[in-house]
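Descriptive structure summary
Chain residues, written in single-letter form:
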Amino acid sequence: MKNFFSFCLLSLSLWSNGQITLSGTSYTQNFDGVASGLPSGFQVATNSTTTSLGAAAAFTITATSWNSTTPGWKNYASADGLISTSTTTEQNNSSDRVAAIRQSTVGDPGAALEMQLANTVGFSGFSMSFKLQSLDVTSPRTTNWRVDYGFGASPSAFTLVGTSPVTITTGSSLFTNTTVTVNFGTALDNINQPVWIRIVTVVASTGSGNRPTTGIDDLVLSFSGGASCTPPATQTSAAAISNITASSFDINWTAGSGTNSLVVVKQASAVTGTPTSGTAYTANTVFGSGQTIAAGEFVVYNGVSNTVSVTGLASVTTYYVSVFSFNSVDNCYNTTSPAIANATTSCTQPTAQVSTIPVIPGSTTASISWSGGNGNSFLVRLNASNSFTAPTDGITYTANTVYASGEQTVYSGTGSSVNVSGLNASTTYYVTVYTYNSCGGTPDYLTTGNLIQSFSTTSGGGGEPPGYYASAAGLTCAALKTALSNIITTGMTPKTYGDLWTQYLVSDIKPREVGPGTSPNVIWDIYSDNPSGPDPYNFTPGTVASGGQQDNGTAATGEGQYYNREHSIPQSWFGASAGSGSIGPESDYFHIYPTDKIVNANRGNYIYGMVSAPTFTSQNGSKLGPNTVAGLSTTAFEPINGFKGDLARSFFYFVTRYQSNMAAWQTLSVEGNMAFDGTTWPSIELPYLIMMLQWNSLDPVSQKEIDRNNAGYIFQNNRNPYIDHPEFVSQIWSGGCGLLLPVELTAFNAKYASNSVVLSWKIERADGFNHFEIERSSDGGRTYQNAGIVPWQSGVNDYSFTDNVASLDGTVLYRLKMVDQNNVYKYSQVVPVKLPGFEGVAVLYPNPAKDLLTIAFRKSTGAILSVSIFDISGRTISASRLLPGQSVYSFNVSTLSNGKYILKIQDRDKTSYTQFVVQK
């Protein structure tokens, strides 16, 4: 049965509150469950001294506010996540609790939180940390605390241990949350009797006025485990290696006096690690798959035999072996002078070539893969004619994935695919693969039976090549971003900054709308184009000398005079200064647009943003001025809505293509530092990312972008993946990847009431949001079920949901799944709700009682219950039994005198106490 009366007022902490039995390497206690009483192994006391545990003290489990002056040990809210002025309601709603004392003449001095360990046999190296919290800023007195320890059932002496900080105090009208650390050295090692550790005050507080409210939270006791053991007297001997092949060998040895032998293998150098007694190691005869005793040192055998066959080895490689004798009953190892041996694997020629060579061609690229073959490496050759020369054993061939001419090696290694560039469109090519064993730098090739596969490249310009993003399939988050970075980097043919002028004449033009000029097409300038009406002006493509309006270095006095090259990611952000012959990010077509020279100059190096009170507005409505985006409070440039998505996807391309440069570029400029976060993922500072995600949704991919992307592929042989696959954006930068949604959750609470749990939460802001999904777990968080959906309402900050839990019992966990309009989501923190247990007790009423005291259960009882009433001195007043099958029971208390009483309910498994009052 579960704990009885979740609302009960008092639980007594007795000296018999259990002991803590150590296991593992640490014990942690966060005191979040003190609403049900102190954890097992803990007790609270007053009148503690340096020679005694003190007197048992009551612990009040009802939530109490920090400034309550009623003395005693109680359930308070932790300082974590709150501030000194947090209201009583905020404190009571906090699920983070502490054991705390409001000192008075009782407990000043002598207040102590005491933990009892059953013993420390087999454990050593103890240290401890905890948070000491001063919770009431209206308490001017200062209390000094200390940490000490004692031994035995009831120690008569306690030893002070040093803390960091050295002096730990509460009070002084301060709100503090101090992490205290303690190192016990060897004092607590291997003690075969109860060990007591106390956080205690043994001197009176100083000053005048209110005494402090002091909380203790997040206690962690750390230690090393494992008692000493007696290893086998005789170590293994005579290790030998036989039956050596290119990938396997057998190990033999003479067993020691232990019950088992542990065999460890390491590649290239001798085994230097030793197994740790007390540890049962998992072995695997495939080298590299077993547990390690040190880096690169793998367990290949753990058993009673004296031989093992090891596989998974590399050819022409030396391996080293160590064999240890041990007793399996306690995993106690003899680590002195284990039997050792070493051997080098052989090299043999493969016997089977690859069986298939699938090719996915583009116009100037091809994705080549292969399967089959029993060599450990592969040599891939490409030719424009069906003619190949067999490779020569012992020669290592240099590969180049950019095809030039004739028979060329495009890959040599252990992989199974390669992307080749430099091909001509509409051309037939031939590819073959030779399998070989690398043999330590002297390869042995299988030169007969090699398959030859032909393929033809496409005509070009037709869109995304088949299989272009194949290596990114199924990936999300950082892994997807890295895969895309590899795809758009591999095979990219950088063009010069000067090449952009020519490319603009091909791919950045549209039909003329206004202005003089003989050309039917004009430059498509995102800073002057008006998608919903006539353009304010148009640019004639080409150089001034040929009648065009390309920037020739002449100063412009107004819009519409010249167009130039706008780096949507400014060059100062990545430390470049483009010249006509320069290549790199400063000449990358996918983020450099033709734009009006004056508007480009006004944009300068400023970050993109949302502008209020513009100081400059272009003729198509692009603006420069103060940025209104939270976290980006600086001057910003805001393009019109019709091109915000274009620029967002260019930015996503840039931080993907150049993700390995983010760390170096983050702090090159103030503006760039607001956009780049210095990581390969997410690469983007959160405020800027939220804005870019909004822009991406506001302005979906247009035909202009698709056409420009296809042209860019022909121009520099890579693509913008976020134009081809807009879904990549949410798959990389989503709440499911651990990023913040455009919603700020400021409170999330849950409260049980009448067979229901009422959830309430509050948000501060939401932008592009959609709905909340309430998820519930009744199995400790292993699985969650959807309990309901609450739609987001614009302008509404407070929400609630009622969940019927009549059929549930125990502790139920709740979380919010917060979903935006892109299906990007993030989870809230988990909030636990402890449903009334002990046959589902719902309420004890009335309390205070006059004539009858009634107990109402959430469901009918299933067992006979024993009920006793005690007065406050512990004297039994009455005893009775409750038969099963009912949910409501009443007791006549009219004969009892006014005062406090304890009601005890007991079944076969558990006992619960609660207090009630008789008042006539």
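Residues numbered from 1 in each chain as written. Predicted model: local features only at pLDDT ≥ 70, side-chain atom pairs only at ≥ 80, totals over all residues. Heavy atoms only, no water.

Helix and strand counts for the chain stand at 11 helices and 57 strands. Computed over C-alpha atoms, the radius of gyration of the chain comes to 38 Å, more than 25% over the 29 Å expected from 2.2 N^0.38 for 920 residues, which places it beyond the range of a compact globule. Taken over the C-alpha atoms alone, the chain extends approximately 110 × 85 × 60 Å along its principal axes. Taking all 920 residues of the chain together, 50% fall into the buried category. When the accessible surface of the chain is split by element, carbon and sulfur atoms take 50% of a total near 37800 Å². Each charge class in the chain was averaged separately, 44 positive and 55 negative side chains, and the resulting centres sit 12 Å apart. (Helix = DSSP H or I, 4+ residues; strand = E, 2+ residues; numbered from the N terminus. Rg over C-alpha atoms; globule rule 2.2 N^0.38 Å. Buried < 20%, exposed > 50% of the residue type's maximum accessible area, 1.4 Å probe, protein only. Areas by Shrake-Rupley, 256 points an atom, 1.4 Å probe, with all protein chains shown as cover. Lys, Arg positive; Asp, Glu negative; His and termini not counted. Charge placed at Lys NZ, Arg CZ, Asp CG, Glu CD.)

This paragraph deals with the confidence of the model for the chain. Averaged over all residues, the pLDDT of the chain equals 88, while 94% of them reach at least 70. Here residues 1–16 scores under 50 on pLDDT; set against residues more than four positions off or in separate chains, the count is 65 contacts. (pLDDT = per-residue confidence, 0-100. Contact = heavy atoms within 4.5 Å.)

What follows is about the pairing of strand S37 (residues 563–567). The element S37 is extensively covered by neighbouring structure, given that 5 of its 5 residues are classed as buried. Direction of pairing for S37 relative to strand S38 (residues 592–596): antiparallel, over a ladder of 5 bridges. Within S38, the position partnered with Asn-564 by the bridge is Thr-595. (Pairing = 2+ DSSP bridges.)

In this structure, Thr-540 sits in the loop between strand S36 (521–523) and S37. Residue Thr-540 is classed as buried on the basis of its relative accessible area of 7%. Separated by 17 residues in sequence, Thr-540 and Ile-523 place their C-alpha atoms 6.5 Å apart. Among the polar contacts made by the side chain of Thr-540, one reaches the side chain of Arg-512 at a distance of 2.9 Å. (Polar contact = N/O pair within 3.5 Å; in protein donor to acceptor, adjacent residues only side chain to side chain.)

Attention shifts here to the sheet that holds strand S54 (residues 876–882). Strand order in the open sheet formed by 4 strands is S54-S53-S56-S57, and the pairing between neighbours is antiparallel. If you trace the sheet from one side to the other, it starts and ends with S54 and strand S57 (911–918), each paired once. Between one strand axis and the next, the sheet turns through 20° on average, direction left out of account. Across 8 bridges, the pairing between strand S56 (residues 899–906) and S57 is antiparallel. Following the sheet pairing, Gln-906 is matched in S57 by Thr-911. (Axes fitted to C-alpha atoms, helices over the stretch in contact; angles between N-to-C directions.)

Taken across its 10 residues, strand S10 (residues 142–151) has 8 buried, putting it largely inside the fold. The sheet contact formed by S10 and strand S13 (residues 168–171) spans 4 bridges and is antiparallel. Looking at the pairing, Asn-144 lines up with Thr-169 of S13. As paired elements, S10 and strand S15 (residues 195–200) share 6 bridges and run antiparallel to each other. Residue pairing for S15: Arg-146 is matched across the bridge by Val-200. By the bridge criterion, 3 bridges tie S10 to strand S11 (residues 159–161) in an arrangement that is antiparallel. Considered in S11, the bridge of Val-147 is made with Val-161.

With that settled, the discussion passes to the nonpolar core. For soluble globular proteins, the rule of thumb is that nonpolar side chains tend to be buried together. Grouped together as the largest cluster of nonpolar side chains are 66 residues, with contacts concentrated most on Phe-651, Phe-652, Phe-676, Tyr-688 and Trp-733. When residues of this core are assigned to their parent elements, the largest contribution, 7 residues, is made by helix H5 (residues 644–657). Non-local contacts of Phe-652, meaning those with residues more than four positions away in its chain, are made with Ile-684, Leu-689, Met-692, Leu-693, Asn-696, Tyr-722, Val-729 and Trp-733. Of all hydrophobic cores here, the second largest spans 40 residues; its members include Val-44, Ala-99, Met-115 and Phe-184. (Core = buried A, V, L, I, M, F, W, Y, C linked by side-chain atoms within 4.5 Å.)

Quick look at the packing of aromatic side chains now. Within the structure shown, the criterion is met by 52 aromatic pairs. Note on Phe-652 and Trp-733: the rings are 4.5 Å apart at their centroids and 25° apart in plane angle, and the pair reads as stacked. Here Phe-652 is found in helix H5, whereas its partner Trp-733 is found in the loop between helix H11 (727–732) and strand S43 (743–753), with 81 residues between them in sequence. On the basis of relative accessible area, Phe-652 is assigned to the buried category, the value being 0%. Taken together, the aromatic side chains of Trp-501, Tyr-504, Tyr-537, Phe-539, Tyr-563, Tyr-589, Phe-590, Tyr-653 and Phe-715 make up a single cluster linked through ring pairs. One cation-aromatic arrangement involves Arg-198 over Phe-158; the distance from NZ or CZ to the ring centre is 3.6 Å. The ring of Tyr-713 carries the charged tip of Arg-719 above its face, separated from the ring centre by 5.2 Å. (Phe/Tyr/Trp six-rings, centres within 6.5 Å; stacked < 30°, edge-to-face > 60°. Lys NZ or Arg CZ within 6 Å of the ring centre and 35° of its normal.)

Here the focus is the pattern of salt bridges. Across all of its chains, the model carries 24 salt bridges by this definition. In this structure, Arg-198 engages Asp-148 in a salt bridge whose closest nitrogen and oxygen atoms are separated by 2.9 Å. Of this pair, Arg-198 sits in strand S15 while Asp-148 sits in strand S10; the two residues are 50 residues apart in sequence, bridging distant segments of the chain. In this structure Arg-198 comes out as buried when scored by relative accessible area, which is 0%. Judged by relative accessible area, Asp-148 falls into the buried class, the value being 0%. Salt-bridge contacts for Asp-529 lead to Lys-510; the nearest nitrogen and oxygen are separated by 2.2 Å. Taken as a pair, Asp-529 in the loop between S36 and S37 and Lys-510 in strand S35 (residues 509–511) lie far apart in primary sequence, 19 residues in all. An identical accessibility class is assigned to Asp-529 and Lys-510; each is buried. What you see here is one network of salt bridges that share partners, running through Glu-114, Arg-146, Asp-148 and Arg-198. (Salt bridge = Lys/Arg side-chain N within 4 Å of Asp/Glu carboxyl O.)

Of note, the amide linkage connecting Asp-108 to Pro-109 takes the cis form, showing an omega dihedral of 0°. Topologically, Pro-109 is positioned in the loop between strand S7 (97–102) and strand S8 (112–117). Following Trp-681, the chain continues into Pro-682 via a peptide bond in cis, with omega recorded as 5°. Positionally, Pro-682 belongs in the loop between helix H7 (670–675) and helix H8 (686–698). At Asn-47, a residue that is not glycine, the phi angle is positive and equals roughly 60°. With respect to the element layout, Asn-47 can be found in the loop between strand S3 (42–46) and strand S4 (55–56). Among the residues examined, Asn-47 registers a relative accessible area of 49% and is labelled partly exposed.

Right, let's talk about helix H2 (residues 477–489) for a bit. Taking 1.5 Å per residue as the helical rise, H2 with its 13 residues ought to reach 18 Å, and the 18 Å between its terminal C-alpha atoms agrees with that figure. Buried residues of H2: Cys-477, Leu-480, Lys-481, Ala-483, Leu-484, Ser-485, Ile-487 and Ile-488, and no others. Summarising the contacts, the buried residues of H2 are in contact with H5, helix H10 (721–724) and H11. Of the residues one or two after H2, Gly-491 is the one with positive phi, at around 85°. (Expected span 1.5 Å × (residues − 1).)

In this section: the sheet that holds strand S42 (residues 635–638). By way of backbone hydrogen bonds, the strands of a sheet pair with one another, either parallel or antiparallel. Here 4 strands make up an open sheet; going across it, the order is S39-S42-S41-S40 and the pairing mixed. Each edge of the sheet is formed by a strand with only one pairing partner; in this case those strands are strand S39 (607–608) and strand S40 (616–617). Summarising the sheet, strand S41 (residues 623–626) and S42 pair through 4 bridges and their orientation is antiparallel. What sits directly across from Lys-623, in S42, is Glu-638.

Attention now goes to the environment of Ser-127. Relative to the elements of secondary structure, Ser-127 occurs in strand S9 (residues 124–134). Taking the relative accessible area as the measure of exposure, Ser-127 reaches 27% and is therefore partly exposed. Ser-127 sits 56 residues away from Asn-183 along the chain, and the two C-alpha atoms are 4.4 Å apart.

The next thing to look at is helix H9 (residues 703–716). End to end, H9 covers 20 Å across 14 residues, agreeing with the expected 20 Å (1.5 Å per residue, within 8%). Among the 14 residues in H9, 10 count as buried, and that is most of the element. All buried positions along H9 are accounted for by Lys-704, Glu-705, Arg-708, Asn-709, Asn-710, Ala-711, Gly-712, Tyr-713, Phe-715 and Gln-716. Where H9 is buried, its residues contact helix H3 (499–507), S38, H5 and H10. Count one or two residues on from H9 and you reach Asn-717, which has phi positive near 65°.

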